[in-house]
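Chains, contacts and geometry: an overview
Spelled out, the chains give:
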Amino acid sequence: MSESLKPVTVHELLNRKRAGEKIVMLTAYDALFGRLVDEEGIDVVLVGDSVNTVLAGRETTLSATLDQMIYHGRSVAAGVKRAMVIVDMPFLTFQVSLEDTKRNVGRVMQETGAAGVKVEGGRSIAPTIRALVEMGVPVMGHIGFTPQSVHALGGYRVQGRGEAAAARLIEDARALQDAGAFSIVLELIPSAVARRITEAVEIPTIGIGSGPYCDGQVLVLHDMLGLNEQFKAKFVKRYANLADEVRRAVRQFREEVRSGQYPDEAHSFQE
Ligand code: KIV
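Residues numbered from 1 in each chain as written. Predicted model: local features only at pLDDT ≥ 70, side-chain atom pairs only at ≥ 80, totals over all residues. Heavy atoms only, no water.

**Thoughts on the overall build of the chain**
The number of helices and strands found in the chain is 10 helices and eight strands. Taken over the C-alpha trace, the chain has a radius of gyration of 20 Å; the compact-globule value for 271 residues is 18 Å, and the two agree within 12%. With respect to the three principal axes, the spread of C-alpha positions in the chain is 70 × 40 × 40 Å. Of the contacts formed within the chain by residues at least 6 apart in sequence, a portion of 59% connects residues at least 24 apart. Within the structure as shown, the chain displays about 13,900 Å² of accessible surface, and the carbon and sulfur contribution to it stands at 53%. Each charge class in the chain was averaged separately, 31 positive and 34 negative side chains, and the resulting centres sit 6 Å apart. (Helix = DSSP H or I, 4+ residues; strand = E, 2+ residues; numbered from the N terminus. Rg over C-alpha atoms; globule rule 2.2 N^0.38 Å. Contact = heavy atoms within 4.5 Å. Areas by Shrake-Rupley, 256 points an atom, 1.4 Å probe, with all protein chains shown as cover. Lys, Arg positive; Asp, Glu negative; His and termini not counted. Charge placed at Lys NZ, Arg CZ, Asp CG, Glu CD.)

**Quick notes on the pairing of strand β8 (residues 216–219)**
Sheet analysis places strand β1 (residues 23–27) next to β8, joined by four bridges and oriented parallel. Residue pairing in the sheet places Ile23 in a bridge with Gly216 of β8. Across two bridges, strand β7 (residues 205–208) lies against β8 in parallel orientation. If you follow Gly207 over to β8, its bridge partner there is Gln217. (Pairing = 2+ DSSP bridges.)

**Thoughts on the site of the ligand**
Near the ligand, the surroundings consist of Thr27, Leu46, Gly48, Asp49, Ser50, Asp88, Lys118, His142, Ile208 and Val220. The contact in question runs from an oxygen atom of the ligand to an N or O atom on the side chain of Asp49, over 3.1 Å. Within the side chain of Asp88, one N or O atom sits 3.1 Å away from an oxygen atom of the ligand. In the complex, 96% of the free accessible area of the ligand, which totals 260 Å², lies under the protein chains. By residue class, the composition of the shell around the ligand is three nonpolar, four polar and three charged. (Near = heavy atom within 4 Å. Polar contact = N/O pair within 3.5 Å; in protein donor to acceptor, adjacent residues only side chain to side chain. Nonpolar A, V, L, I, M, F, W, Y, C, P; charged D, E, K, R; others polar.)

**Re the packing of helix α4 (residues 66–79) against helix α5 (residues 98–112)**
For the pair α4 and α5, the least separation of the axes is 9 Å and the interaxial angle reads 30°. By the angle between their axes, α4 is roughly parallel relative to α5. Along this stretch, α4 crosses α5, giving a crossing that reads as right-handed. Counted together, Leu66, Asp67, Ile70, Gly73, Arg74 and Ala77 of α4 and Asn104, Arg107, Val108, Glu111 and Thr112 of α5 form the full contact between these two elements. Across the contact of α4 with α5, the residue classes tally to four nonpolar, three polar and four charged. (Axes fitted to C-alpha atoms, helices over the stretch in contact; angles between N-to-C directions. Parallel < 35°, antiparallel > 145°, perpendicular 65-115°, else oblique. Left-handed = near helix turned anticlockwise from the far one by under 90°.)

In structure tokens form, the structure reads like this:
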């Protein structure tokens, strides 16, 4: 296998942190976008439960189901050759009994072909992470703003402001590391706090809305492509305006069909 197609591993991500090289992660929900981001050398493709809001049109991620995540995980894994594919465990699939959690995570690993899972939560979820790691499953943690707890957190807001809250996040990160997590997503955390967390742990931190000092960065693909226009947040940089381009193409098709301009000879079969 050529070096450029060697699959990204947990060990490689750890080495990146040690070498001071940034990790790049994007979400994908299907094989088509999975293939496109993989071809451009993205290191980790996250099958986020954000699929429930971005594609399924739901208000929060809380109603995402295990079968839904398995469907999208399997699709993404089918399109990706090199990047590490991680599937989000949805709400109520890993906060249940350890036996049920292991079965749910086992289904994700067996049925999708992903290389690991992501779970939201701080130190309270550490024993679960330890059990999954002992089972041989690479686990990515997720602290700060955790969307599955949106109601308890009082909405979509920055976490870890003030010394006590910052110290709690650092303790959470250490607990996840001690439990065996291979990486941690830091969501909506002030830059200085994300920097302290990143310096406090040996495993890589991947930031979203958490400033430049994390070991890597993740964005929701449909946000950075300008497809998910409804979602506006300070940290989202739009690298394209694809929603405008979709509307333009749809308008042109509508007009060409109505005027009889499409299909022309070039797009029709002759006898
Ligand atoms: O579900 C998701 O897309 C995520 C990212 C925002 C990190 O968890």
